[in-house]
Amino acid sequence: MGRSKQEKPPKKAGGTARQLRVKLKKIMKASLVRVTQDKTAKMWWTMHGYHQYLYMRRCVRLVGWPSDVRFSSLAAHKKPTLDTLHSRWRRRLLRFELITPEEAFKNSRHPERVVPGVEYEEGTPHQGRDDIKKSRFDKKTGLPVSSRRKLRLKGATSKKIIEQ
């Protein structure tokens, strides 16, 4: 029993960007394992992680990252950027290279020098909402959206003396 001509094959979850992301991760992992000769090697996408675990510990750097693309997790990039990275990888413009221990030592205190791509802006972490413990108001009625926390006013609800 085959499909009728009008039925289309089901699309894979996540679309082409997700598939490209998965493909890039697998390719990069395989290349990193091949270069370091360590099956446990993995890619780190933060400035601190890249510097400490790839650059310093494994003496590996990523060469050919586009200068206009911020160095961050592949999940943060859209399909056009992923296409660019994938095409650079296929043409061997983007690759892992071993570095000398002397070069690693020279940049041991400067992680911002070794991160590829656009200058990495660490910034402050997300601080959360600034209106915590303040009432939010409904635009139409002007009343608080959530009422105050209801506190027990009577004290304990169980009996003070438990009979057996």
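Nothing here was measured: the structure is a model prediction, and the numbers come from that model.

Visitor: Just give me the short version of the packing of helix α1 (residues 15-36) against helix α3 (residues 79-90), but keep the residues and values in it.
Guide: It is the contact of α1 with α3, at a shortest axis distance of 10 Å, that shows an interaxial angle of 35°. Note on packing geometry: the crossing formed by α1 with α3 is left-handed. Contacts between α1 and α3 involve T16, A17, L20, R21, K23, L24, I27, M28 and S31 from the former and K79, L82, D83, L85, H86 and W89 from the latter. Its residues assigned to classes, the contact of α1 with α3 shows 8 nonpolar, 3 polar and 4 charged.

Visitor: Requested: an account of helix α2 (residues 47-56), with residues and values cited.
Guide: For α2, the full list of buried residues reads M47, G49, Y50, H51, L54 and Y55. Tucked into the core, α2 has its buried residues touching α1, β1 (60-63), α4 (101-106) and α5 (111-114).

Visitor: Would you mind going over the pattern of salt bridges in detail, with residue names and values included?
Guide: Across all of its chains, the model carries 5 salt bridges by this definition. Taking the shortest distance from any N to any O, the salt bridge between D38 and R58 comes out at 2.6 Å. Of the two residues, D38 sits in the loop between α1 and α2 while R58 sits in the loop between α2 and β1, which places them 20 residues apart along the sequence. The class for R58 is partly exposed, based on a relative accessible area of 26%. Here E97 and R61 are joined by a salt bridge, their closest N and O atoms 3.5 Å apart. Highlighted residues: E97 in strand β2 (residues 95-98) and R61 in strand β1, separated in sequence by 36 residues. The exposure class assigned to E97 is partly exposed, which follows from its relative accessible area of 22%. By relative accessible area, which is 28% here, R61 ends up partly exposed. When salt bridges with common partners are traced through the structure, they connect R61, R95, E97 and E103 into a single cluster.

Here is what the cut-offs are and how they apply
- Residues numbered from 1 in each chain as written.
- Predicted model: local features only at pLDDT ≥ 70, side-chain atom pairs only at ≥ 80, totals over all residues.
- Heavy atoms only, no water.
- Axes fitted to C-alpha atoms, helices over the stretch in contact; angles between N-to-C directions.
- Helix = DSSP H or I, 4+ residues; strand = E, 2+ residues; numbered from the N terminus.
- Left-handed = near helix turned anticlockwise from the far one by under 90°.
- Contact = heavy atoms within 4.5 Å.
- Nonpolar A, V, L, I, M, F, W, Y, C, P; charged D, E, K, R; others polar.
- Buried < 20%, exposed > 50% of the residue type's maximum accessible area, 1.4 Å probe, protein only.
- Salt bridge = Lys/Arg side-chain N within 4 Å of Asp/Glu carboxyl O.

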